[in-house]
Amino acid sequence: MALAFDEFGRPFILLRQQEEKSRLRGLDAQKANVSAGKAVARILRTSLGPKGMDKMLQSPDGDVTITNDGATILEQMDVDNQIAKLMVELSRSQDYEIGDGTTGVVVMAGSLLEQAEKLLERGIHPIRIAEGYEMASRIAVEHLERIAQKFEFGLNDLEPLVQTCMTTLNSKMVNRCKRRLAEIAVKAVLAVADLERKDVNLDLIKVEGKVGGRLEDTELIYGITVDKDMSHPQMPKRIENAKIAILTCPFEPPKPKTKHKVDIDTVEKFQTLRQQEQKYFDDMVQKCKDVGATLVICQWGFDDEANHLLMHRNLPAVRWVGGVELELIAIATGGRIVPRFQELTPEKLGKAGLVREKSFGTTQDRMLYIEHCANSRAVTIFIRGGNKMMIEETKRSIHDALCVARNLIRNNSIVYGGGAAEIACSIAVDAAADRYPGVEQYAIRAFADALDAIPMALAENSGLQPIETLSAVKNQQIRENNPNCGIDCNDVGTNDMREQNVFETLIGKQQQILLATQVVKMILKIDDVISPSEY
Ligand code: ADP
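What counts, and where the lines are drawn
- Residues numbered from 1 in each chain as written.
- Predicted model: local features only at pLDDT ≥ 70, side-chain atom pairs only at ≥ 80, totals over all residues.
- Heavy atoms only, no water.
- Helix = DSSP H or I, 4+ residues; strand = E, 2+ residues; numbered from the N terminus.
- Buried < 20%, exposed > 50% of the residue type's maximum accessible area, 1.4 Å probe, protein only.
- Contact = heavy atoms within 4.5 Å.
- Domains from an automatic or database assignment.
- Expected span 1.5 Å × (residues − 1).
- Salt bridge = Lys/Arg side-chain N within 4 Å of Asp/Glu carboxyl O.
- Near = heavy atom within 4 Å.
- Polar contact = N/O pair within 3.5 Å; in protein donor to acceptor, adjacent residues only side chain to side chain.
- Areas by Shrake-Rupley, 256 points an atom, 1.4 Å probe, with all protein chains shown as cover.
- Nonpolar A, V, L, I, M, F, W, Y, C, P; charged D, E, K, R; others polar.
- Core = buried A, V, L, I, M, F, W, Y, C linked by side-chain atoms within 4.5 Å.
- Phe/Tyr/Trp six-rings, centres within 6.5 Å; stacked < 30°, edge-to-face > 60°.
- Patch = residues over 30% accessible without salt bridge, like charges linked within 9 Å, V, L, I, M, F, W, Y side chains within 5 Å.
- Pairing = 2+ DSSP bridges.

1. Examining the environment of Lys85
Structurally, the position occupied by Lys85 is in helix α4 (residues 82-97). Assessed through its relative accessible area of 36%, Lys85 is described here as partly exposed. C-alpha separation for the pair Lys85 and Glu75, spaced 10 residues apart in sequence, amounts to 9.3 Å. Ignoring sequence-local partners within four residues, the contact set of Lys85 consists of Val79 and Asp80.

In structure tokens:
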């Protein structure tokens, strides 16, 4: 610290802050960054594929998550290192763009870094490596286009879509029930899809879960669910062609806003008051009946008297429905939210083909299903499962499957999974390397080796010998000129992923390669790391 004076004679203090910062430069910076990235990838490597392991993560407040979804694992890992954060971002962008392949993309990036490290050791300049990787990624992406296959699906033949979603679910905890979940995901996506524009608005698919029941009880509801029940146990549990009054006004006599006092000193006075109150209720119920409502959904509660009257007058009602849900019901049923009884008119009623109450188990747990709504194609996937962790993981898995189905509707090209696409690209990139005379060819070859990491990880995770299995499959691909050969993780007896129905979307795979290359290039180009010192 030193005292100095500026040109006007004012004193200021010089702090030797710069020296307190730790700094890594040149090759040291690159090596440190590469090893940080590799460390993150190593964590995810064992989670890849149908035989991949799950991770258990505990949050600071004690919540436990068990998952095998790459994006979720990284999200919850709370990493400190900046490069590790880049890997987290990488997985997140794959999740955002594609929704699936979040583990694969990180493993791929880790493997590219590993190869880059070797090249750095050999004295190749990081920029040349980055350029070589860029060229190689373009070759790989073009090759994927070449080996991709189109598949046609019709509304009557959903099998290809279901099969592809099943590949995604293979590696998840829920794979016991993958066929059913894949079918649900495909049906949900098709219900909200705009097939002419080839797009799907996934916001229209609500994924809800409730602890209890079995995973097999998971169902697709063509409508919405509300976690409420009828206000009186004797009200009907099933209403067909319901006309719904959606109210934000309470079923109770109006209360003056100012302080008031009512003196009741005789029985007559009490009786009159009571009668008047009752008349209020009566008028309200009558108003609802007059406009033709067959169900009242109310934001507020009402007391037992009103409840009894509603039951008596045969007007089923639901109370304490939250604002958000109310809005959702209004949108789905094409109704309007009514803030005052006087404003209730027949046009403001929402319409639904069926409203039913469903009870769960032996408990008092009941839910309301509002189905076949007038205005909306919105659907709900209602997940059941033994515990909260299972339900959360199922939600994540269903999300992946929904994304895959959406991607296929956007672009119906597929490549074969189980590492087949990566091996095919690796062969193509390796062959192309000879055409490049410069130093880049080393990087291009290294890229080809990095692509092999995916099938190797799949083999390793399935208990196979990684190098032997990979070389055998690669050899088979070259010999038979068949880009469909991959790793037989489940020991089915054939390497042909076409026979095993293991597909992945073309855009998902391309995105994986592009994103991983982009991040690795970015890491390689950093040659100076300045960070605040420890204290
Ligand atoms: P991600 O989060 O990247 O989707 P997963 O753990 O879901 O990672 O693993 C996906 C990988 O597993 C893909 O490469 C896919 O091709 C492969 N895979 C899925 N099912 C099978 C299978 N039955 N046989 C071989 N490979 C499979």
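After that view of the structure, there is still more to cover.
2. Let's talk about the domain arrangement of the protein chain
Here the domain parsing of the protein chain yields domain 1 (22-150 + 415-531) and domain 2 (224-379). Taking only C-alpha atoms, the centre of domain 1 and the centre of domain 2 are 56 Å apart.

3. What about helix α14 (residues 440-451)?
The terminal C-alpha atoms of α14 lie 17 Å apart, and with 12 residues this matches the ideal 16 Å at 1.5 Å per residue to within 8%. The element α14 is largely enclosed, with a buried count of nine among its 12 residues. Buried within α14 are the following residues: Glu440, Gln441, Ala443, Ile444, Ala446, Phe447, Ala448, Ala450 and Leu451. Against α5 (102-121), α6 (126-147), α13 (420-433), α15 (453-461) and α18 (506-524) lie the buried residues of α14.

4. Here we look at the pattern of salt bridges
Following the criterion strictly, the structure yields 37 salt bridges and no others. Of the charged contacts in the structure, one is a salt bridge between Arg138 and Glu134, with a shortest N-O distance of 3.7 Å. Linking Arg138 with Glu134, this pair stays in helix α6, spanning four residues, or about one helical turn. According to the relative accessible area criterion, Glu134 is partly exposed, its value standing at 25%. With a shortest N-O distance of 3.5 Å, Glu208 and Lys206 are connected by a salt bridge. Bridged by salt links that share partners, the residues Asp194, Arg197, Asp199 and Arg410 form one connected network.

5. Description of the site of the ligand
The immediate surroundings of the ligand are formed by 21 residues, with Thr103, Gly104, Ser171, Gly418 and Glu504 found nearest. Between an oxygen atom of the ligand and a side-chain N or O atom of Glu504, the distance comes to 2.5 Å. Burial of the ligand by the surrounding chains reaches 96%, relative to a free accessible area of 570 Å². Elements with a minimum of two residues in the shell around the ligand: α5 and α7 (159-170). Counting residues per element, the shell around the ligand draws most heavily on α5, which supplies three residues. Residues of the shell around the ligand, tallied by class, amount to six nonpolar, 12 polar and three charged.

6. Some points on the nonpolar core
Ranked by size, the top nonpolar core spans 67 residues in total, and within it Met87, Val106, Ile129, Tyr133, Val429 and Phe447 carry the most contacts. The element best represented in this core is α5, accounting for 10 residues. Setting aside anything within four residues of it in sequence, one finds Ile129 in contact with Ala116, Leu119, Leu120, Ile124, Ala443 and Leu524. Within the second largest apolar cluster, 44 residues are counted, among which are Ala242, Ile246, Phe281 and Val318.

7. Concerning unusual backbone geometry
Located in the positive-phi region is Asn241, a residue other than glycine, with phi close to 45 degrees. Here Asn241 lies in strand β12 (residues 238-247). You can call Asn241 exposed: its relative accessible area is 58%. In the Ramachandran plot, Asp491 falls in the positive-phi region, its phi being about 55 degrees despite a non-glycine side chain. For Asp491, the location among the structural elements is in the loop between α16 (466-480) and α17 (497-500). When its relative accessible area of 66% is taken as the criterion, Asp491 is described as exposed.

8. So, the packing of aromatic side chains
Enumeration over the complete set of coordinates arrives at three aromatic pairs. Relative to Phe447, the ring of Tyr133 has its centre 5.7 Å away and its plane inclined at 70 degrees; by these criteria the two rings are edge-to-face. Of this pair, Tyr133 sits in helix α6 while Phe447 is found in helix α14, placing the two residues 314 residues apart along the sequence. You'll find Tyr133 and Phe447 in the same group, each marked buried.

9. A word on a nonpolar patch on the surface
A cluster of nonpolar side chains, Val262, Ile264, Phe270 and Leu273, forms an exposed patch at the surface whose accessible area comes to about 340 Å². With respect to the element layout, Val262 can be found in the loop between β12 and α9 (267-290).

10. Focus on the sheet that holds strand β20 (residues 503-505)
Strand pairs in the sheet, formed through backbone hydrogen bonds, run parallel or antiparallel to each other. If you walk across this open sheet you meet the three strands as β6-β19-β20, and the pairing is antiparallel. The open sheet has two free edges, formed respectively by β6 (149-150) and β20, since each of these has just one partner strand. Relative to strand β19 (residues 413-416), β6 is paired through two bridges, and the arrangement is antiparallel. Within β19, the position partnered with Gln149 by the bridge is Ile414.

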